[in-house]
Amino acid sequence: MKKWNIYITRKIPEPGLDLIRKECGGFRINPHNRVLKPTEIQKAVQGCDAILSLLTDKIDAAVMDSAGDKLKIIANHAVGFENIDLPEATRRKIMVTNTPGVLTKTTAELAWALLFSVARRVVDSDRYTRSGKFKGWDPLLFLGQDISGKTLGIVGAGRIGTEFALMSKGFNMRVLYNSRRPNESLEKELGAKKTDLETLWKESDFISLHVNLNSESFHLIREKELKMMKSSAILINTSRGSVIDEKALVKALKRNWIFGAGLDVYEKEPELVHGLTGCGNAVLTPHTGSASFQTRSKIALLAAENLVAGLNGQRPKNLLNPESFQ
Ligand code: GLV
């Protein structure tokens, strides 16, 4: 077995580590239970053949320089890969992989969990109940929004957006979506209608974001868009924080321009924008869209399979830059 120099930037679930141990004889790994600083990553990857990175690691030209000429593959433990400078890796013929497919349902499920939590005020009610404030049934206590029969607006109808929309079947909803291409399965199975964004902001009761972060989707939702939404609308974001201008969102939540928001992702993770934690109409989760035991194991395994394939000269299943495969 050829001994490769592999660096893993943080502990991942065991199935991924196990595969690399079995197939490559071992690895080096970040010994701390925290994200490494850029200088720490640069130091750690020196002389590496492969890096298994997380979405919290910025893998840029400086890291690639540090790794040196032997670096063959960067296997990201995430479906999103905006943390990696892909054009730079491609220029250097370094393969880059991600982990699509295995986290689709789990992320869509968290988007629904957020939607329900905000609509029925689950988190606030829980705090109220456990703090001893519940003194008896009250006809006006914690009134929220119905879900069945309402209009669902999906922004980005790729894998996760499609799955999220299909999960609405039992709730008999009118589904609007916005995406580059028509989505046949949404149209056939739900009678969903492709619309422009303005219509979607104005007509949806629930808006869920499922776009990749790029120059087009950066701050897709600002004050102007929030003002177009219904005052009863709920905004859900499980994609990337920077799709929303968070300062504008805090303003909208404080002034009740919309009913509430469910957020799993933030512009400057793990920092939260000033004022957000004071918004009782927001439910906030710590980027746990794919965080189930089963799915995180699958992600780790898939990232490891991609890494092992790349080192062994095979084309990794989830290669993002085929030009780099030689
Ligand atoms: C999670 O956000 C991912 O990109 O996998």
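The structure presented is a predicted model; accordingly, all values stated were derived computationally and were not measured. (Residues numbered from 1 in each chain as written. Predicted model: local features only at pLDDT ≥ 70, side-chain atom pairs only at ≥ 80, totals over all residues. Heavy atoms only, no water.)

1. Considerations on the site of the ligand
And then number 1: If you check the shell around the ligand, you find Leu55, Ala78, Val79, Gly80, Leu103, Arg240 and His287 and nothing else.
And then number 2: With respect to the ligand, the side chain of Arg240 contributes an N or O atom lying 2.7 Å from an oxygen atom.
And then number 3: His287 is positioned such that a nitrogen or oxygen atom in its side chain is 2.6 Å from an oxygen atom of the ligand.
And then number 4: Grouping the constituent residues of the shell around the ligand by class yields four nonpolar, two polar and one charged. (Near = heavy atom within 4 Å. Polar contact = N/O pair within 3.5 Å; in protein donor to acceptor, adjacent residues only side chain to side chain. Nonpolar A, V, L, I, M, F, W, Y, C, P; charged D, E, K, R; others polar.)

2. Regarding the sheet that holds strand β6 (residues 151-155)
And then number 1: Taken in spatial order, the seven strands of this open sheet run β8-β7-β6-β9-β10-β11-β12, and their pairing is parallel. Each end of this open sheet is capped by a strand with a single partner; those strands are β8 (193-194) and β12 (282-284). (Pairing = 2+ DSSP bridges. Helix = DSSP H or I, 4+ residues; strand = E, 2+ residues; numbered from the N terminus.)

3. Brief notes about the nonpolar core
And then number 1: One finds Trp201, Leu226, Met229, Leu235 and Leu249 to be the most contacted residues of the largest nonpolar core, which totals 29 residues.
And then number 2: At the level of elements, α9 (197-203), β9 (206-209), α10 (223-228), α11 (246-254) and β11 (260-263) are the ones that each hand at least two residues to this core.
And then number 3: Ranked by residue count, the leading element in this core is α11, at five residues.
And then number 4: Leu114, Ala119, Ala165 and Tyr177 belong to the second-largest nonpolar core, a separate cluster that totals 27 residues. (Core = buried A, V, L, I, M, F, W, Y, C linked by side-chain atoms within 4.5 Å. Buried < 20%, exposed > 50% of the residue type's maximum accessible area, 1.4 Å probe, protein only.)

4. Observations concerning helix α12 (residues 293-311)
And then number 1: With 19 residues, α12 extends 27 Å between its outermost C-alpha atoms, agreeing within 8% with the 27 Å of an ideal straight helix rising 1.5 Å per residue.
And then number 2: Within α12, burial applies to Thr295, Ile299, Ala300, Leu302, Ala303, Ala304, Asn306, Leu307, Val308, Ala309, Gly310 and Leu311.
And then number 3: Tucked inside the fold, the buried residues of α12 contact β1 (6-8), α1 (14-24), β3 (50-53), β4 (73-76), β5 (95-97) and α5 (104-119).
And then number 4: Note on α12: the residue one or two positions beyond its end, Gly313, has a positive phi of about 80°. (Expected span 1.5 Å × (residues − 1). Contact = heavy atoms within 4.5 Å.)

5. Regarding the pairing of β4
And then number 1: Of the two faces of β4, the one holding Ile73 and Ala75 and the one holding Ile74 and Asn76 are both buried throughout.
And then number 2: Following the chain from β3 across helix α3 (residues 61-67) to the adjacent parallel β4, one finds a crossover that is right-handed.
And then number 3: One ladder, built from three bridges, connects β4 with β5; its direction is parallel. Opposite Ala75, over in β5, you have Thr97 as the bridge partner. (Right-handed = clockwise from strand over helix to strand, strands pointing away.)

6. A closer look at the domain arrangement of the chain
And then number 1: For the chain, the assigned domains read domain 1 (6-100 + 293-324) and domain 2 (104-284).
And then number 2: Centre-to-centre, using C-alpha coordinates, domain 1 lies 32 Å away from domain 2.
And then number 3: Taken residue by residue, the interface counts six residues in domain 1 and four residues in domain 2.
And then number 4: Contact between domain 1 and domain 2 buries roughly 460 Å² in total, counting both sides, with carbon and sulfur atoms accounting for 50%.
And then number 5: Together, Glu82, Pro100 and Thr295 form the three largest contributors to the area buried by domain 1 at its contact with domain 2, with a combined 68%.
And then number 6: Where domain 1 touches domain 2, the interface holds one salt bridge.
And then number 7: Glu82 is the partner of Arg240 in a salt bridge, and the nearest nitrogen-oxygen pair spans 2.5 Å. (Domains from an automatic or database assignment. Buried area = accessible area lost by both parts, 1.4 Å probe. Salt bridge = Lys/Arg side-chain N within 4 Å of Asp/Glu carboxyl O.)

7. Re the pattern of salt bridges
Opposite charge on two side chains lets them pair, provided their charged atoms get close.
And then number 1: Here the structure, examined in full by the defined rule, presents 23 salt bridges.
And then number 2: Between Lys22 and Asp18 there is a salt bridge, with its nearest N and O atoms 3.5 Å apart. In this pair, Lys22 and Asp18 both sit in helix α1, four residues apart, roughly one turn of the helix.
And then number 3: Among the residues examined, Lys22 registers a relative accessible area of 58% and is labelled exposed.
And then number 4: With its nearest N and O atoms 2.9 Å apart, the salt bridge here joins Arg34 to Glu40.
And then number 5: Given the relative accessible area of 23%, Glu40 is considered partly exposed.

8. A few points about the pairing of β9
And then number 1: Burial of the side chains of β9 extends over both faces: Phe206 and Ser208 are buried on one face and Ile207 and Leu209 on the other.
And then number 2: As paired strands, β6 and β9 are joined by four bridges and run parallel to one another. By the bridge assignment for β9, Ile154 is matched with Ser208.
And then number 3: With α10 bridging β9 and its parallel neighbour strand β10 (residues 234-237), the resulting β-α-β unit is right-handed.

9. Observations concerning the sheet that holds β5
By way of backbone hydrogen bonds, the strands of a sheet pair with one another, either parallel or antiparallel.
And then number 1: The strand order across the open sheet formed by five strands is β2-β1-β3-β4-β5, and the pairing between neighbours is parallel. Whereas interior strands pair on both sides, the edge strands pair on one side only; in this sheet they are β2 (28-29) and β5.
And then number 2: Strand direction decides the pairing type here: β3 and β4, joined by four bridges, are parallel. In the strand pairing of β4, Ser53 is matched with Asn76.
And then number 3: The strands that α1 touches are β1, β2 and β3; relative to β1, the one it contacts most, it runs at about 170°. (Axes fitted to C-alpha atoms, helices over the stretch in contact; angles between N-to-C directions.)

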